[in-house]
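# Chains, contacts and geometry: an overview
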Amino acid sequence: MIKTEQLSSRTKHLKRTLTILKYENAYKALDLVIKEMCVDKGFSRHNGKHYYHHLVDVAQLLLNFGIKDEVTITAAILHDYLEDVEGATSEEISAEFGYEVTEIVKLVTKEKGVDYKTNHEAMMDYLDAIFLNPKACLVKTADRVNNFQTMRDSSINHRRKQLDNTMKYFIPFFKKCRNKYIENENFYFQAKTTIEPIAFEIGRYLEDLSKYEDKVNKQAAEISRLKTLLGENKEVIKWITWLKKVLWID
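Residues numbered from 1 in each chain as written. Predicted model: local features only at pLDDT ≥ 70, side-chain atom pairs only at ≥ 80, totals over all residues. Heavy atoms only, no water.

Right, let's get into the state of the cysteines. Evaluation of the coordinates by the stated rule reveals 0 disulfides. Between Cys177, a free cysteine, and Cys137, which holds the nearest cysteine sulfur, the sulfur-to-sulfur gap is 3.7 Å. For Cys177, a relative accessible area of 0% corresponds to the buried category. (Disulfide = S-S within 2.5 Å. Buried < 20%, exposed > 50% of the residue type's maximum accessible area, 1.4 Å probe, protein only.)

This is the structure:
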C-alpha cells in the first residue's frame, strides 16, 4: 500500500474531502484503486503516472461541480475497476460497495472483445444503456472530459480516435443528458464547452500534421526519383564526383 506521504496532492485532497463528507464507501473505494491500479501493478496513464490519478480526477470533477452523492462518487472512483483489473467481479464490488454502485460500474464497463470505435451499433447500445441511469451519465461524462483534458502525452493515433469518437457520439450524448436530466444540465453544458475548444486545437494540430506528412512524403518520393535517375546516368555521377573533389567534399 502506498504511504500517505507518498500520495499526490490531488489524492490527498480527495481523501480529505471524502473524510469531511463522511463518505466511508468512497474512501474505501479510493484505497482499493490506489492499491490495485498503481504503477507497481502495471497501471499507468500516458504520462507514466499512476492510473488511479484518472479515477481521482473524475471523482473530483464531479465534486467540484457540486455533485455530492456518495453512490455517484464511489462509482466514479471505481468506474474502470471492473473493466481493467484482472479477476475483478461485479459480485466483489456489490459485496463491498452495494448494488447501486455496482450497477453504475457495470453500465460504464465496456464488453471485452468489442471494438466500440468501429462498431457503431455497439457504441450506441452502450450509451443508450448508460442514458437510462442518471448517475451513470454523470460518471461517464466526467470520465470523457478528463480523458480529453489529459491527451497531451498520448499518441497521435489515440488523439485522432478520441477526437472522432467524442465528436460523433459524446457531444450528442451530452446534449441528450442536458435535456433529460435538467437538475444537472449545467454540468453537461460545461462538459461540452470544455471539450469543444480542446477538440478544435487537436483537430487543427492533426490537420497541420497531415499537411507536413504529405510534404515529407512528396520530398521522399522526389529524392527517390533523383537517386534512380542519377543511378542510371553515369555522366552525371562522374560530374558530381569531380565537383565534390574540387570543393573538397568528402
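Picking up after the structure, the text goes on.
Moving on, we get to the nonpolar core. Looking at soluble globular proteins, one finds that nonpolar side chains tend to be buried together. Ile77 and Leu78 are the most contacted members of the largest nonpolar core, which has 67 residues in total. Look past the residues within four positions of Leu78 in its chain and what remains in contact with it is Ala29, Leu32, Val33, Ile93, Phe97, Val101 and Val105. (Core = buried A, V, L, I, M, F, W, Y, C linked by side-chain atoms within 4.5 Å. Contact = heavy atoms within 4.5 Å.)

Any two packed helices are characterised by how steeply their axes cross, that is the angle between the axes, and by the distance between the axes. Viewed as axis vectors pointing N to C, helix α8 (residues 120-131) and helix α10 (residues 156-180) meet at an angle of 25°, and their least axial separation amounts to 11 Å. Classified by the angle between their axes, α8 and α10 sit roughly parallel to one another. The hand of the α8/α10 crossing is right-handed. Between α8, through His120, Met123, Met124, Leu127, Asp128, Ile130 and Phe131, and α10, the contact on the second element is made entirely by Asn165, Lys168, Tyr169, Phe170, Phe173, Lys176, Cys177 and Lys180. Across the contact of α8 with α10, the residue classes break down as 9 nonpolar, 2 polar and 4 charged. (Axes fitted to C-alpha atoms, helices over the stretch in contact; angles between N-to-C directions. Helix = DSSP H or I, 4+ residues; strand = E, 2+ residues; numbered from the N terminus. Parallel < 35°, antiparallel > 145°, perpendicular 65-115°, else oblique. Left-handed = near helix turned anticlockwise from the far one by under 90°. Nonpolar A, V, L, I, M, F, W, Y, C, P; charged D, E, K, R; others polar.)

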